[in-house]
Amino acid sequence: MIQANGPARPPIRVSCIQFEPEFGAVAANLARASNLVRAAAAEGSRLIVLPELASTGYVFESAAEAAALAEPVPDGPSTRAWAALAAELGVHIVAGIAESAGDVLYNAAVIVGPEGYIGTYRKAHLWDQENVFFARGDLGFPVFDTALGKVGVAICYDGWFPETFRQLALGGAEIVCIPTNWVPMPDQPAGEAAMANTLHRAAAHSNGIFIACADRVGIERGQPFEGQSLIIGPKGWPLAGPASRDRTETLSALVDLDAAGRKDLNTFNSLLRDRRTDIYG
């Protein structure tokens, strides 16, 4: 297929790394993630997603604890380490981080590539106790124009809002990377698959985009996490996963980003063209 902006690109291998960070052990978490990223890159992955708050862990108990573990971006040790790793391996990495911007903390994610730091996304929709420690994101839903393609980023609870993915799709995103720490939902039946899997499959289908979700596993300070990381194609069907609920795993899939530009469902229907903006209000 020839796109309006040039010839078709070769497919790329995308990986989502599911692991269990140790709370507060930043150096150990960076080392563990580095080993997993290296293994994915050795298998040919060019875009690699790590979980939400991958360097610190998730369950903060005080504002002082959160502030002590947060880092500036891009000059903090975690972003520098990920950028150096991306440059060494020739890959792009999206990873969740506790960001300090002066006195304000954000639940954020950074994207880095072979040439260094590319950009930051700050979580727009905060879940539960995150509201105690973090400010709501103020950067909107940027789409990063990378050497691989147009990459959007969202974090965990952002995926509960259809507007997140519609904004990213309208901004030209071909793939949305989701660092996440999914937890069981209220009234979730025992053994039921993560609600997030349903939500993200629907979002991929209704926007014609790829979505790559990297969750964590384990129980941290009494909080269990869901695992079940997932890579989804633009028709809404899984390309890899869901992963297990409780094991370190790397999911990988070959992704043709040009497919995200094909929004037509049939002769008459196209996902973005059919929007009735005249009546939505």
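Scroll up for the structure.
Computed from a predicted structure; not experimentally measured. (Residues numbered from 1 in each chain as written. Predicted model: local features only at pLDDT ≥ 70, side-chain atom pairs only at ≥ 80, totals over all residues. Heavy atoms only, no water.)

Engineer: Give me the lowdown on the overall build of the protein chain, citing residues and values where you can.
Structural biologist: On a plain count of helices and strands, the protein chain comes out with 7 helices and 16 strands. In terms of C-alpha radius of gyration, the protein chain reaches 18 Å, essentially the compact-globule figure of 19 Å for 281 residues. With the principal axes as the frame, the protein chain shows a C-alpha extent of 55 × 45 × 35 Å. Across the 281 residues that make up the protein chain, the buried fraction comes to 53%. (Helix = DSSP H or I, 4+ residues; strand = E, 2+ residues; numbered from the N terminus. Rg over C-alpha atoms; globule rule 2.2 N^0.38 Å. Buried < 20%, exposed > 50% of the residue type's maximum accessible area, 1.4 Å probe, protein only.)

Engineer: Give a description of the packing of helix H5 (residues 162-170) against helix H6 (residues 195-207) that names residues and reports values.
Structural biologist: Their axes nearest at 10 Å, the elements H5 and H6 cross at an angle of 35 degrees. Viewed along their axes, H5 and H6 form a crossing whose handedness is right-handed. Where H5 abuts H6, its residues Phe 165, Arg 166 and Ala 169 lie against His 200, Ala 203, Ser 206 and Asn 207. For the contact of H5 with H6, the class distribution of residues is 3 nonpolar, 3 polar and 1 charged. (Axes fitted to C-alpha atoms, helices over the stretch in contact; angles between N-to-C directions. Left-handed = near helix turned anticlockwise from the far one by under 90°. Contact = heavy atoms within 4.5 Å. Nonpolar A, V, L, I, M, F, W, Y, C, P; charged D, E, K, R; others polar.)

Engineer: An account of the side chain of Ser 270 is needed here, citing residue identities and associated values.
Structural biologist: The residue Ser 270 is located in the loop between strand S16 (249-255) and helix H7 (277-280) in this model. The class for Ser 270 is buried, based on a relative accessible area of 7%.

Engineer: An account of the side chain of His 200 is requested, with residue identities and associated values reported.
Structural biologist: Relative to the elements of secondary structure, His 200 occurs in helix H6. The buried category is assigned to His 200, whose relative accessible area is 0%. The residues touching His 200, leaving out its near neighbours within four places in the chain, are Gly 159, Trp 160, Phe 165, Ile 178, Trp 182, Ile 211, Cys 213 and Ile 232.

Engineer: Please set out the pairing of strand S10 (residues 175-179) residue by residue, giving values where relevant.
Structural biologist: Within S10, 5 of the 5 residues are buried, leaving the element largely enclosed by the surrounding structure. Every second residue of S10 is oriented toward a common face, with Ile 175, Cys 177 and Pro 179 on one face and Val 176 and Ile 178 on the other, all of them buried. Relative to S10, strand S9 (residues 150-153) runs parallel, the two being bridged by 3 bridges. Pairing of Gly 152 across the sheet is with Val 176, part of S10. The parallel pair S9 and S10 is bridged by H5, and the resulting crossover is right-handed. For S10 and strand S11 (residues 210-214), the ladder comprises 5 bridges, and the chain directions are parallel. Considered in S11, the bridge of Pro 179 is made with Ala 214. As a crossover connection, the stretch from S10 through H6 into S11 is right-handed. (Pairing = 2+ DSSP bridges. Right-handed = clockwise from strand over helix to strand, strands pointing away.)

Engineer: Talk me through the sheet that holds S10; I want residue IDs and the actual numbers.
Structural biologist: Hydrogen bonds along the backbone pair up the strands of a sheet, which may run parallel or antiparallel. Spatially, the 6 strands line up as an open sheet ordered S8-S9-S10-S11-S14-S15, and their pairing is mixed. Edge positions in the open sheet fall to strand S8 (143-145) and strand S15 (238-240), since each of these has one partner strand only. Direction aside, neighbouring strands of the sheet carry axes that sit 25 degrees apart on average. Here H5 sits on the sheet and contacts S8, S9, S10 and S11; the angle it forms with S10, its principal contact strand, is near 140 degrees. Strands S10, S11, strand S14 (230-232) and S15 of the sheet are contacted by H6, whose axis makes an angle of about 20 degrees with S14.

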